[in-house]
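Report on the structure
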Amino acid sequence: MDWIDVGLVALRVVVIFGLLQVVTILLIWFERKVVADMQNRIGPDRAGPWGILQTVADGLKLFFKEQVTPRKVEFGLYLAAPMLAAVPAFLMFMVVPFGRPVRINLGGEDRLIPIQGADLNVGLLYVLAMSSVAVYAVVLAGWSSGSKYPLLGGVRATAQAISYEAAMGLSLVPVVLFTGSLRLSEIVASQSGSLTFFGQVLSLPAWNVFVLAPSFLIFFIAAVAETNRAPFDLVEAEQEIVGGFHTEYSGLRFALFFLAEYINIFTMSGLAVTLFLGGWSGPTWDGTLPLVVSAVLPTVWFLLKVTVFLFMYVWLRATLPRLRYDQLMTLGWKRLIPASLVWLFFIGGAMAVRQFGLPWG
Amino acid sequence: MGPVEAFLRGMAVTGRQFIATITGRGLVTTPYPKVMREKPQRFHGRHVLNRYEDGMEKCIGCELCAGACPARCIYVRGADNPADDPVSPGERYGFVYEINMLRCIFCGLCVEACPTEAITHTQLFEMSTTNRADAIFTKDELLVDGDGQPNHMFETDRFADLAELAKADGWMRATAPQGRASYEGLVAWSGSAGVGVRPPERGQSGLPDEDEEASEGADG
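Presented here is a report on the structure given in the accompanying data block. (Residues numbered from 1 in each chain as written. Chains lettered and ligands numbered in written order. Predicted model: local features only at pLDDT ≥ 70, side-chain atom pairs only at ≥ 80, totals over all residues. Heavy atoms only, no water.)

**Looking at the overall build of chain A**
Of regular secondary structure, chain A possesses twelve helices and four strands. Taken over C-alpha atoms, the radius of gyration comes to 22 Å for chain A, in line with the 21 Å a tight globule of 361 residues would show. Overall, the C-alpha framework of chain A stretches about 65 × 55 × 45 Å when taken along its three principal axes. Counting the 361 residues in chain A, one finds 48% classified as buried. Partitioning the contacts of chain A with sequence separation of at least 6, the portion at a separation of at least 24 is 75%. (Helix = DSSP H or I, 4+ residues; strand = E, 2+ residues; numbered from the N terminus. Rg over C-alpha atoms; globule rule 2.2 N^0.38 Å. Buried < 20%, exposed > 50% of the residue type's maximum accessible area, 1.4 Å probe, protein only. Contact = heavy atoms within 4.5 Å.)

**Points about the overall build of chain B**
Helix and strand counts for chain B come out as seven helices and five strands. Starting at the N terminus and walking to the C terminus, you meet the elements of chain B as α-β-α-β-β-α-β-β-α-α-α-α. Taken across its 220 residues, chain B has 41% of its residues classed as buried. Restricting the contact set of chain B to residue pairs at least 6 apart, pairs at least 24 apart contribute 66%.

**A look at the pattern of salt bridges**
Residue and element names in this part refer to chain A. This structure, assessed with the given rule, holds twelve salt bridges over all chains. With a shortest N-O distance of 3.6 Å, Arg183 and Asp119 are connected by a salt bridge. Residue Arg183 is located in the loop between helix H5 (148-179) and helix H6 (184-189), and its partner Asp119 is located in the loop between strand S2 (109-113) and helix H4 (123-144); the two are separated by 64 residues in the primary sequence. By relative accessible area, Arg183 is classed as partly exposed at 24%. The partner of Arg324 in a salt bridge is Asp326, and the shortest N-O contact between them spans 2.7 Å. Members of the salt-bridge network, linked through shared partners, are Glu31, Arg229, Glu261 and Arg317. (Salt bridge = Lys/Arg side-chain N within 4 Å of Asp/Glu carboxyl O.)

**Looking at the packing of H4 of chain A against helix H10 (residues 251-276) of chain A**
The angle between the axes and the distance between the axes are what describe a pair of packed helices. Residues and elements named next belong to chain A. The N-to-C vectors of H4 and H10 enclose an angle of 155 degrees; their axes lie 12 Å apart at closest approach. Looking at the two axes, H4 sits roughly antiparallel to H10. Read as a crossing pair, H4 and H10 show a hand that is left-handed. Packed against H4, whose contacting residues are Leu124, Val127, Ser131, Ala137 and Ala141, the element H10 presents Phe257, Met268, Leu271 and Leu275 at the interface. Within the contact of H4 with H10, the residues separate by chemical class into eight nonpolar, one polar and no charged. (Axes fitted to C-alpha atoms, helices over the stretch in contact; angles between N-to-C directions. Parallel < 35°, antiparallel > 145°, perpendicular 65-115°, else oblique. Left-handed = near helix turned anticlockwise from the far one by under 90°. Nonpolar A, V, L, I, M, F, W, Y, C, P; charged D, E, K, R; others polar.)

**A look at the interface of chain B and chain A**
Taken together, the contacts link 18 residues of chain B with 15 residues of chain A. Of the roughly 1400 Å² buried between chain B and chain A on both sides combined, carbon and sulfur atoms contribute 67%. Three residues stand out in chain B for area buried against chain A, namely Met11, Thr14 and Phe18 of chain B, and they jointly supply 40% of the buried area on that side. Connecting chain B to chain A are ten residue pairs in polar contact (both at pLDDT 80 or more). (Buried area = accessible area lost by both parts, 1.4 Å probe. Polar contact = N/O pair within 3.5 Å; in protein donor to acceptor, adjacent residues only side chain to side chain.)

**Overview of helix H2 (residues 54-64) of chain A**
All names here are of chain A. What H2 keeps buried is the set Gln54, Thr55 and Leu62. On an axial view of H2, the arc spanned by its buried residues comes to 95 degrees, and they lie on one face. Exposed residues on H2 whose side chains face more than 90 degrees from its buried face are Phe63 and Phe64. (Arc of directions from axis to C-beta.)

**A closer look at the sheet that holds strand S5 (residues 136-137) of chain B**
Sheets are built from strands that pair by backbone hydrogen bonding, the pairs being arranged parallel or antiparallel. All names here are of chain B. As summarised here, the arrangement of the three strands in space is S2-S3-S5, forming an open sheet in which the pairing is antiparallel. The strands lining the two open edges of the sheet, one partner per strand, are strand S2 (74-80) and S5. As paired strands, strand S3 (residues 92-100) and S5 are joined by two bridges and run antiparallel to one another. From the neighbouring strand, Asn100 faces S5, where its bridge partner is Ile136. (Pairing = 2+ DSSP bridges.)

**Comments concerning the pairing of S2 of chain A**
Residue and element names in this part refer to chain A. Pairing of strand S1 (residues 102-106) with S2, which is carried by five bridges, proceeds in the antiparallel orientation. Across the sheet, residue Val102 finds its bridge partner in S2, namely Ile113. Counting the residues in the hairpin turn of S1 and S2 gives two residues, including Gly107, whose phi is positive at 60 degrees.

**Some points on the environment of Glu57 of chain B**
All names here are of chain B. Position of Glu57 among the secondary structure elements: in the loop between strand S1 (47-49) and helix H2 (64-68). Residue Glu57 is classed as buried on the basis of its relative accessible area of 7%. Separated by 29 residues in the primary sequence, Glu57 and Pro86 have C-alpha atoms spaced 9.4 Å apart. Dropping the residues within four chain positions of it, Glu57 is found in contact with Asn50, Arg51, Tyr52, Val87, Ser88, Pro89, Gly94, Lys139 and Leu143. A polar contact of 2.9 Å, which involves the side chain of Glu57, links it to the side chain of Lys139.

**Observations concerning the environment of Glu109 of chain A**
Tracing the sequence through the fold places Glu109 of chain A in strand S2. In contact with Glu109 of chain A, not counting residues within four places along its chain, are Asp2 and Ile104 of chain A.

As structure tokens, this is what we get:
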């Protein structure tokens, strides 16, 4: 660990920070454009080519707007809530590997640089912890606004987060059992190569989704709920509680909530790709292509896979009506959690049989 | 239909529309104001006061439009034509002519009532103003220029199809000026500045000497 290592870490952090903001800008535009297409409209088309700078224009507008502070707010928490939303959103993506580690000779030393913020050995736990922290932002924003609609939104957020975090955590346990690691880079590495099924090598990539399809499904549903997106956007619910927790926010503080929401969508998509679709793994044709292209290709594969999920998010939003509250709870507690428990039991049994053989055999 | 099937069918609907839109079919909106949707020929838009081909005003100040107006938004005051410099071909002309566009319901009864086809609709529809006084269109704004184009076009009106606009006047009547409800028979409208006399529409015969039999059939 010398100053070059420190510099590299700082560089990665800055790059990810910038990347996430660019992604947010593009993602909001992407969502508006795709929803418009699904509704036979044109969508934003004025700012920049195909309206791609629309979000920049909207963001600049929010920068210059007054930040109205209602009289009844608990000012400290009211101020902290947007930051509490944005910071975990950035932190959560830090452990997601979005490219193949690069080996470069720097300062007379061969260094393996992971293309991710930090390669934690408890990466998956860290992600779950950060997504729990993000819920506090919504709850605190709802409570500190001193107004009834935000309060209702905050209350909804509490119950929804608890229900779906349980389902999400349970859906991730089979992944950990199967790959034997909480480190995201190892989870990606375990999905390289071809799928082996009862000793037969299939012509499919060894992605977890082929083995752990139920986990994947539960994880994706829980991820949509965790990011408060349609059809689980009861926390915001413009039609019922006029925006929920962010009703009393304006200007830059509101923009931070928005930023956090879209970064969370990107992170959850990135996690789904990392855990179930092999992360950055994909054909790179090493040796036949220039070195730089081979180094960048994994990132391209990662982004392509993520785009599929982002499209799914938007597709769901354009299609489904919002769930009623009891439906949300029913789906969470009576469907997803039992299903993930049964699946966990099954996969655990299968792992045990593979390791120790049948108990009667 | 179970929830899963309902979900899949819903996703199929949006997916189908998505494909339709990105392949160029199914798009129902236009990038207004860059592209304006084509409006129906008899669109009831902003009014104009027309002129004859020689530049004389068609309005004779008879106030029939004001009488017919159900919204009471037209104010007309006639005056005698000066003998040495007549404004209209007849005895009198419209000295003051005002329409309050905030009250107008664009029903077209003024156009029906007008005996000289002086007031007609156009296809202009962008009439927003920043104060109430501007919404009262005076004769100065309503009267067409020598080329048949409306006066005082709005900034965005430059996107309007000028050729379409020029066709606005005579066609805007739902019935023939003789008062027959059936829109048949002779072309009876007079020539207008900037437009001239337009050819007959579908279902109408041409001039009597050109198409004698058709006009007789229509009369009988």
